[in-house]
Amino acid sequence: MLEPWADKYRPQKLNEVVGQAQAVRTMLKWAEGWGRGGRPQKPAALLYGPAGTGKTATAAALAREFGWDLIELNASDRRTFNVIQKVAGTAATTGTLFTGAAGKRLVVLDEADNVYGRADRGGYRAIEQVLKQASNPVVLIANDQYSIPWTIRALCVLINFRRLTQDSIVKVLGQICKAEKIEAEPLALNVIAEAARGDLRSAINDLQAVAMGKRRLMIKDVVVYRRDKEINIFEVLSQLMHATSSKQARGLLWALDRPPDDAIDWISENIPRMLSEPADLERVYDALSRADIFLGRIRRRQMYGMMSYAGDLMTAGVALSRQGTLKYVRFQAPSSGKLMGRTRSTRAVRDSIAKKIASRCHTSSGEARKHFLPYMSVIFRHDKKAANRIAEELELGDAEISYLTKGATREESILK
Amino acid sequence: MVEAEEIWVEKYRPKKLSEIVGQDEVLNRLQSFVDKKSLPHLLFAGPPGSGKTTAALCIARELFGEGWRQNFLELNASDERGIDTIRNKVKDYARTRPIGDVPYKIILLDESDALTPDAQHALRRTMEMYTHTCRFILDCNYSSRIIEPIQSRCAIFRFRRLNENNIGQYLKRIARAEKLTLTQDGIKAITYVSEGDMRRATNVFQAAAALKRKVSEKAVYEVSAAAHPEDVRQMLELALEGKFEQARDKLYDLLVNQGLAGEDILGQVHREIFNLKIPEPVKVKLIDKVGEFDFRLTEGASERIQLEAALAHFSLIGDRLRS
């Protein structure tokens, strides 16, 4: 079994954690408060920051250093809250049998900003209880500190994990190459590090993808690997609409090193802008819509054999739908992909409010989303007092409150 | 677990069967079950917001008194992940004996017509298995979507869609308690925008009251407009005018900045079609198309592509209307 380098080279000790000196110092100070039978004023530490910056690894290293047993729970897992009071609660209030009186347990609650809400009715309240009673250290891990209710944040030492600098990523990549006996050009490592934008884990994954099994890693391995893809997709786009046979059109997708569910985003971003006739537009989109239906079926039922239908529809289906003339456009990367990436967090917030309402108001989350959220939002924009009371009752976090409050300016003009 | 006291739907949800408005015959029969403390499995059919869930909650409160929550399990078929989850929860719950002097517990399965026929057969077996310790109350919109074997094991109750009188009676109760003024035309407007759904009516009323202490027709329509902003109509108008790319940008705004679900956007598109300045027969054709894309949305992988395709269709219709 091939071990991911990101796991293989995970820091074992606190002083191996890279680029988070401040965070590690704060963490140590907090942890020492738990030594010699003590209990610090804040029983928990909230580690927050972007993905791949070392939050979980640091918590694990801390436990190792202090000789604490590590208990990891995932807050977004529905099972967690059937057991959180039991496991986390007892783990945090009793010592362990095996390590004797000195032994403590470090309870790590991962994805604390994604607490599974509905089944347990009040997951955050459960956490709050655990923290208040804890006689063992608890670590909460989240991406965004403001997605955690303030009642919980108040019980935590807040520890920020920052994006790593390019230099510190390069340094780590260099060490890994040395350990793997790969001779790497510094520039190659810099290119990988830059693309990772402060996420060390993804940088290590990228490095493994291009360097594994090689003795030497050259700049051309890295650059060509990236540039290749983009030349191809632009060529495919420009040739696609000039294809005259379905065979020719579908062949373009084969030449492209990109899965159909990725290619469809490029096609739908650029092709519609080339068309001059509304009838062409409609037919092209109908082909894309049908291709997307196949992609949906593939995704839901793992019927990968259907991929070729999706591919044919988004290439041949699109190319042969056109009858009118073409406009010249400059191709661009799909903006929607980036946009939808951003939506994901908005949607997560929206759905978590809906879940909270659903569990309180005897309804489904779909119903709550459709028939409660819009009106709740009106209340939040116009009646601060009522909004505060509702927010408190539903235990809404800051992100959730701002979701409900936003858009006030546009809406003011509708009402006036 | 306390109920929500700031959300009026909960704050004013009837605690006794006799407090529920409309549905008189249904309520009489349910009351007699409660009085005799003998309950068959029940199937409640009727439109949303007609009192099905409330009736189930009232039955539990009246049968079990204070500790009703210990003897009442509520599941929502559309939120649970499949029949196995439901079965496991029922199993866990039914294993222990009921608390108090009533010899059974109640399991409410909301939106039970969301279950496939196969899942319903599995449910039927589960009902059989625990019938000595549990009573099931199944809520659904249409009883015809529930398989025969389940129907035949339940007493079926049909809840009517509520009318203006019913809604008025209930909202006036709230108005008195909250010291608000609610005009008759306000009631009429709320009934219209909520389509006789008491849950929606109550939400509309609470939102309107956040704007004005006196809730009239005007306030109701203002709230309705504020809750469903004009962006959707603007998007459709842009598409009809042939400005497809601008319409598409508007769509991204709805999806991204406002975080709306594709399904909900199409729901609003459906509603807005009636307000567009296009010939009536064209509206009917568009509704058919929107329905088609709503369906594709459930089958497809990317709701963005399906919504864009719907907009492309609007562009084509706009073009045809101009020429």
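Residues numbered from 1 in each chain as written. Chains lettered and ligands numbered in written order. Predicted model: local features only at pLDDT ≥ 70, side-chain atom pairs only at ≥ 80, totals over all residues.

1. Concerning the overall build of chain A
Helices and strands together make up the secondary structure of chain A, namely 20 helices and seven strands. The buried share among the 416 residues of chain A stands at 44%. The long-range fraction of contacts in chain A, counting pairs at least 24 apart against all pairs at least 6 apart in sequence, stands at 75%. (Helix = DSSP H or I, 4+ residues; strand = E, 2+ residues; numbered from the N terminus. Buried ≥ 20, exposed ≤ 12 C-beta atoms within 10 Å, placed from the backbone. Contact = placed C-beta atoms within 7 Å.)

2. Structural notes on the overall build of chain B
The secondary structure content of chain B amounts to 15 helices and seven strands. Residues counted as buried form 45% of the 323 residues belonging to chain B. Considering only contacts within chain B whose residues lie at least 6 apart along the sequence, 73% involve residues at least 24 apart.

3. What about the interface of chain B and chain A?
Each partner contributes residues to the interface: chain B has 57 residues there, and chain A has 56 residues. If you list the elements that add at least two residues to the side of chain B that touches chain A, you get α1 (8-11), α3 (52-64), β2 (72-76), α9 (198-211), α10 (217-227), α12 (244-257), α14 (280-299) and α15 (303-322) of chain B. Among the elements that line the side of chain B that touches chain A, the one with the most residues is α15 of chain B, at ten residues. Looking at the side of chain B that touches chain A residue by residue, the classes come out as 24 nonpolar, 14 polar and 19 charged. (Nonpolar A, V, L, I, M, F, W, Y, C, P; charged D, E, K, R; others polar.)

4. A closer look at the sheet that holds β2 of chain B
The strands making up a sheet associate through hydrogen bonds between their backbones, and the pairing can be parallel or antiparallel. Residue and element names in this part refer to chain B. Spatially, β2-β3-β4-β1-β5 is the arrangement adopted by the five strands of the open sheet, whose pairing is parallel. Edge positions in the open sheet fall to β2 and β5 (154-158), since each of these has one partner strand only. Going from strand to strand, the sheet's axes swing by 15° on average, the running direction of each strand aside. Examined bridge by bridge, β2 and strand β3 (residues 105-110) share five bridges and lie parallel to one another. Opposite asparagine 76, over in β3, you have aspartate 110 as the bridge partner. (Pairing = 2+ DSSP bridges. Axes fitted to C-alpha atoms, helices over the stretch in contact; angles between N-to-C directions.)

5. Some thoughts on α3 of chain B
Residue and element names in this part refer to chain B. Here α3 contains 13 residues, and its C-alpha end-to-end distance of 18 Å stays within 8% of the 18 Å for a straight helix at 1.5 Å per residue. Along α3, eleven of the 13 residues are buried, which leaves the element largely enclosed by surrounding structure. Buried within α3 are the following residues: Lys52, Thr53, Thr54, Ala55, Ala56, Leu57, Cys58, Ile59, Ala60, Leu63 and Phe64. The positive-phi residue at the C-terminal boundary of α3 is glycine 65, with phi of around 65°. (Expected span 1.5 Å × (residues − 1).)

6. Here's the deal with the confidence of the model for chain B
Summary statistics for chain B give a mean pLDDT of 90 and a share of 99% for residues scoring 70 or more. Of all secondary-structure elements in chain B, the lowest mean pLDDT belongs to helix α4 (residues 82-94) of chain B, at 84, while helix α7 (residues 164-178) of chain B reaches the highest, 96. (pLDDT = per-residue confidence, 0-100.)

7. Remarks on the sheet that holds strand β3 (residues 105-110) of chain A
Residue and element names in this part refer to chain A. In spatial order, the strands read β2-β3-β4-β1-β5; together these five strands make up an open sheet with parallel pairing. Because the sheet does not close on itself, it has two edges, and the strands there are β2 (69-74) and β5 (156-160). Neighbour-to-neighbour, the strand axes of this sheet turn through a mean angle of 20°, independent of strand direction. Where strand β1 (residues 44-48) lies against β5, five bridges are found, and the strand directions are parallel. In the sheet register, tyrosine 48 faces β5, and the bridge partner there is asparagine 160. Strands β1 and β5 of the sheet are contacted by helix α2 (residues 21-32), whose axis makes an angle of about 160° with β5.

8. Considerations on the environment of serine 147 of chain A
Residue and element names in this part refer to chain A. Examined against the element boundaries, serine 147 turns out to sit in the loop between β4 (138-142) and α6 (150-153). For serine 147, a count of 20 C-beta atoms within 10 Å translates into the label buried. Taking the C-alpha atoms as reference points, serine 147 and asparagine 114, 33 residues apart in sequence, are found 8.4 Å from one another.

9. Some points on the nonpolar core
The biggest cluster of nonpolar side chains holds 85 residues, and the ones touching the most others in it are Ile379 of chain A together with Phe44, Leu171, Ile190, Val204, Ala208 and Val223 of chain B. If you tally residues by element for this core, the top one is α9 of chain B, at nine residues. Those residues in contact with phenylalanine 44 of chain B, other than ones at most four positions away along the chain, are Lys52, Ala55, Ile137, Leu138, Asp139, Phe157 and Phe159 of chain B. In this structure, Ala249, Ile264 and Ala319 of chain A together with Leu240 of chain B belong to the second largest nonpolar core, which totals 59 residues. (Core = buried A, V, L, I, M, F, W, Y, C linked by C-beta atoms within 7 Å.)

10. Quick word on helix α13 (residues 278-301) of chain A
In a regular helix each residue adds 1.5 Å, so 24 residues correspond to 34 Å; α13 of chain A covers 34 Å between its end C-alpha atoms and thus fits that length. Looking at the residues trailing α13 of chain A, positive phi occurs at glutamine 302 of chain A, about 50°.

11. Examining unusual backbone geometry
All names here are of chain B. Phi is positive for glutamine 23, which is not a glycine, with a value near 55°. With respect to the helices and strands, the residue glutamine 23 is situated in the loop between α1 and α2 (24-36). Take glutamine 23: there are 23 C-beta atoms within 10 Å of it, and that puts it in the buried class. A positive phi angle, close to 50°, is found at glutamate 111, a residue other than glycine. Secondary-structure assignment places glutamate 111 in the loop between β3 and α5 (117-129).

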